[in-house]
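Take a look at the letters that make up each chain.
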Amino acid sequence: RDFGTPAAKSKTMVSLVIDGFEVTVPEGTSIMRAAAEIGIQVPKLCATDSIDAFGSCRLCLVEIEGRNGTPASCTTPVAPGLKVTTQNAKLAKLRKGVMELYISDHPLDCLTCSANGDCELQDMAGAVGLRDVRYEAVENHFQPRQNGEANPLYIPKDNSNPYFSYDPAKCIVCSRCVRACEEVQGTFALTISGRGFDSRVSAGLKSDTFLTSDCVSCGACVQACPTGTLQEKSVIELGTPQREVITTCAYCGVGCQFKAE
Ligand code: FES
C-alpha cells in the first residue's frame, strides 16, 4: 500500500478525525498519510512514500473544519483535534478541474502508450470521474505540428540513454523525477527549466540530452515517473513485465494450477 508521504519518526502521538474516523499517528505525519493509515486513499499524483512531499499537483486537496481554503493533504501535517474531510462535492469538483487541465495538455493515446494500465495519470483521471475535457488545447506540448506550423512548445523524445526513453510530450511536470534524482540518488542531474506553462523537465542545460548530462542511469527517475514520460526501453519494446506467473503442478497428472508472484 502506498501511504503517499514518508513516515514520521516522532514518539509524540497526535489524534485527529478524518471523514468521521479517529486516527492516532506520530506528530509530523501528513494528513494524507494519516488518512491512508485508516484506509482512506486521497487522490494524488506528486506524493510518494520515498520523497518528501512538495505539493505540486494540487490533487490531494482536503477541507479542515475552522480553516479557510482547501490545503494539500500531502504537505499539511496533522494537529491534535483536527476534523478533516477528504471527500465531498466541492472537493470532487476541484479535483476533477485539476485533472481536466492536466489531460487538456496530454496526448490521448492511452491505448497505444507503453504505460497503458500502469499510469497514475490514467488511474487518477478514472478515480476523480473525468470523462471528457472541456478545454481546447490552443497551446500544447504534445503535437509536433499545430495548424500546419511547427509547434514551438513541442520537444521531441530523448532516446539517448541506452536504458530508458524521455518523452516530454507526456510530462505533467510533477517534479517527482527531479526530486528522486536529488533525494534518492543524490545526483542532481535533472531540473525544471522555464516558468509556468513553459516549464519542462530537463537533464542539465537545454542542449544536453540524458546521455550527455550528469545522469548515472540509476533509474530512480523512471521509477518515480507517474506517467509514460520516463519509460524503460525494455517496457516500451516488450510491454510491462507480467506480475504473476501461472504454474502447473508437476507432482501428479491432475494438472492443478497455482499463481507464483
Ligand atoms: Fe499533494 Fe500532489 S499529492 S499536491
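Scoring rules and cut-offs
- Residues numbered from 1 in each chain as written.
- Predicted model: local features only at pLDDT ≥ 70, side-chain atom pairs only at ≥ 80, totals over all residues.
- Heavy atoms only, no water.
- Pairing = 2+ DSSP bridges.
- Helix = DSSP H or I, 4+ residues; strand = E, 2+ residues; numbered from the N terminus.
- Domains from an automatic or database assignment.
- Contact = heavy atoms within 4.5 Å.
- Buried area = accessible area lost by both parts, 1.4 Å probe.
- Salt bridge = Lys/Arg side-chain N within 4 Å of Asp/Glu carboxyl O.
- Polar contact = N/O pair within 3.5 Å; in protein donor to acceptor, adjacent residues only side chain to side chain.
- Nonpolar A, V, L, I, M, F, W, Y, C, P; charged D, E, K, R; others polar.
- Buried < 20%, exposed > 50% of the residue type's maximum accessible area, 1.4 Å probe, protein only.
- Arc of directions from axis to C-beta.

(A) Focus on the sheet that holds strand β2 (residues 21–26). Pairing in this open sheet of 4 strands is mixed, and the strands run β2-β1-β4-β3 from one edge to the other. Each edge of the sheet is formed by a strand with only one pairing partner; in this case those strands are β2 and β3 (63–64). Here 2 bridges tie β3 to strand β4 (residues 83–85), and the two strands are oriented antiparallel to one another. Bridge pairing in β4 links isoleucine 64 to valine 84.

(B) Focus on the domain arrangement of the chain. On domain assignment, one finds that the chain holds domain 1 (1–131) and domain 2 (152–261). In this structure, domain 1 and domain 2 have C-alpha centres spaced 23 Å apart. Of the residues lining the interface, 22 residues belong to domain 1; the matching set on domain 2 comes to 20 residues. Of the roughly 1,700 Å² buried where domain 1 meets domain 2, counting both sides, 56% is carbon and sulfur surface. For the salt bridge of aspartate 109 with lysine 170, the shortest nitrogen-to-oxygen distance reads 3.8 Å. The interface formed by domain 1 and domain 2 includes 7 residue pairs in polar contact (both at pLDDT 80 or more). Along the lines of polarity and charge, the residues of the side of domain 1 that touches domain 2 split into 12 nonpolar, 5 polar and 5 charged.

(C) Layout of unusual backbone geometry. Phi at aspartate 19 is positive, roughly 50°, even though this residue is not glycine. Turning to its location among the elements, aspartate 19 is positioned in the loop between β1 (13–18) and β2. Classification of aspartate 19 as partly exposed rests on a relative accessible area of 27%. At asparagine 147, a position not held by glycine, the phi torsion is positive, near 50°.

(D) Inspection of the side chain of asparagine 151 at higher detail. Summarising the element assignment, asparagine 151 is placed in the loop between β6 (149–150) and β7 (164–166). Looking at asparagine 151, its side chain comes within polar contact range of the main-chain oxygen of glutamine 143, at 2.9 Å.

(E) Geometry of helix α3 (residues 120–127). Within α3, burial applies to Leu121, Met124 and Ala125. With its buried residues spanning 105° around the axis, α3 presents them on a single face. Looking at the buried residues of α3, the elements they touch are α2 (89–104).

(F) Molecular detail of the environment of aspartate 158. Mapped onto the elements, aspartate 158 comes out in the loop between β6 and β7. Put simply, aspartate 158 and cysteine 119 are 39 residues apart on the chain and 20 Å apart in space, counted from C-alpha to C-alpha. A distance of 2.6 Å separates a polar atom in the side chain of aspartate 158 from a polar atom in the side chain of serine 160. Reaching out from aspartate 158, the side chain makes a polar contact with the backbone nitrogen of phenylalanine 210 at a distance of 2.8 Å.

(G) Just the pattern of salt bridges, in detail. Tallied over the entire structure, the rule returns 8 salt bridges. Notably, a salt bridge pairs aspartate 2 with lysine 44, separated by 2.9 Å at the nearest N-O pair. Remark: lysine 44 occurs in the loop between α1 (31–37) and β3 and aspartate 2 occurs in the segment before β1; sequence separation between them is 42 residues. When its relative accessible area of 33% is taken as the criterion, aspartate 2 is described as partly exposed. Lysine 44 sits in the buried class, given a relative accessible area of 9%. Connected through shared salt-bridge partners, Arg33, Glu37 and Asp49 make up one network.

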